[in-house]
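Here's the letter readout for the chains.
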Amino acid sequence: MLSVAGALGMAGVVGVIGATPAAAAASTPEAACGSGYYVLESHTVGFDTTTNKPAARVSLLYNASSGNNCVVTMHINGYVGAANLTEAGILVQGGTWKRDKGTYSYYAGPVYVSAADKCVKYTGGIEYVDNGIFWDSYTSAFGHCG
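The structure presented is a predicted model; accordingly, all values stated were derived computationally and were not measured.

What counts and what doesn't
- Residues numbered from 1 in each chain as written.
- Predicted model: local features only at pLDDT ≥ 70, side-chain atom pairs only at ≥ 80, totals over all residues.
- Heavy atoms only, no water.
- Helix = DSSP H or I, 4+ residues; strand = E, 2+ residues; numbered from the N terminus.
- Polar contact = N/O pair within 3.5 Å; in protein donor to acceptor, adjacent residues only side chain to side chain.
- Core = buried A, V, L, I, M, F, W, Y, C linked by side-chain atoms within 4.5 Å.
- Buried < 20%, exposed > 50% of the residue type's maximum accessible area, 1.4 Å probe, protein only.
- Contact = heavy atoms within 4.5 Å.
- Disulfide = S-S within 2.5 Å.
- Phe/Tyr/Trp six-rings, centres within 6.5 Å; stacked < 30°, edge-to-face > 60°.
- Lys NZ or Arg CZ within 6 Å of the ring centre and 35° of its normal.

Any chance you could explain the environment of tyrosine 122 here in plain terms?
With respect to the element layout, tyrosine 122 can be found in strand β7 (residues 120–129). A polar contact of 2.7 Å, which involves the side chain of tyrosine 122, links it to the side chain of glutamate 41.

What follows is the structure in structure tokens.
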């Protein structure tokens, strides 16, 4: 017979083994932001000279049916699955920044805003290794107004 503590311990192990981080499920900006979102523009950040490849891509997306914008910074190339400080953020003109910044293995965000009849500015960045540890980010000008 299994004790309550033993059962709880096994349930905890099963929960950890069976758990799949939500961030691991999305492999594209569209999947991270959800149904109906499409990429308006994107920029790479964190260029690793040892591999000659960028570490992440920050993308601004839009959903025409909801009128919302979404920003996500996704790890790419050798950084997918590696825990790095990563940020995604968006600013509606006249408002304050909404940001998601933390140590992530797949992506930061999604960060959502409604910006009807206003312009948005977005940002994203990643801490990466290239003969040292560096932070690289991209911040757009205000645009995508409407």
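After that view, the rundown keeps rolling.
What should I look at first to understand the nonpolar core in this one?
Side chains of a nonpolar character, in soluble globular proteins, are inclined to be buried together. Residues Val58, Leu60, Val71, Ala88, Ile90, Val92, Ala108, Val111, Val113, Ala115, Val120 and Tyr122 constitute the largest nonpolar core, which totals 12 residues. Those elements giving two or more residues to this core turn out to be β2 (53–63), β4 (84–92), β6 (107–114) and β7. If sequence neighbours within four positions are ignored, valine 71 has contacts with Val58, Ser59, Leu60, Ala88, Gly89, Ile90, Ala108, Gly109, Pro110, Val111, Tyr122 and Thr123.

I tried to follow the state of the cysteines on my own but got confused; where do I start?
Two cysteines form a disulfide when their sulfur atoms are joined by a covalent bond. Under the counting rule described, the total for this entry stands at 2 disulfides. A sulfur-sulfur separation of 1.9 Å characterises the disulfide bridge that pairs cysteine 33 with cysteine 70. Sign of the S-S torsion, about -80 degrees for the bond between cysteine 33 and cysteine 70, identifies this disulfide as left-handed. With cysteine 33 in helix α3 (residues 29–33) and cysteine 70 in strand β3 (residues 68–75), the pair connects residues that are 37 residues apart, well separated along the chain. Like cysteine 33, the residue cysteine 70 is buried in the burial classification. Residue pairing for cysteine 119: its cysteine sulfur links by disulfide to cysteine 145, the two sulfurs lying 1.9 Å apart. Given an S-S torsion of about 105 degrees, the disulfide between cysteine 119 and cysteine 145 has right-handed geometry. With cysteine 119 in the loop between β6 and β7 and cysteine 145 in the segment after β8 (133–139), this pair connects stretches of sequence that are 26 residues apart.

Hey, could you run me through the packing of aromatic side chains in this one?
Remark: the centre distance and the inter-plane angle together describe each pair of aromatic rings, the angle taken between the planes. Under the definition given, this model contains 4 aromatic pairs. Where tyrosine 38 meets tyrosine 62, the ring centres are 6.2 Å apart and the plane angle is 85 degrees; that geometry is what we call edge-to-face. Taken as a pair, tyrosine 38 in strand β1 (residues 37–48) and tyrosine 62 in strand β2 lie far apart in primary sequence, 24 residues in all. Ring centres 6.0 Å apart and planes at 35 degrees place the aromatic pair tyrosine 128 and phenylalanine 134 in the tilted group. On the basis of relative accessibility, which here comes to 11%, the residue tyrosine 128 falls in the buried class. The exposure class assigned to phenylalanine 134 is partly exposed, which follows from its relative accessible area of 40%. Against the face of tryptophan 97 rests arginine 99, its NZ or CZ located 4.5 Å from the ring centre. Taking NZ or CZ as reference, lysine 101 lies 4.7 Å from the ring centre of tryptophan 135, over its face.

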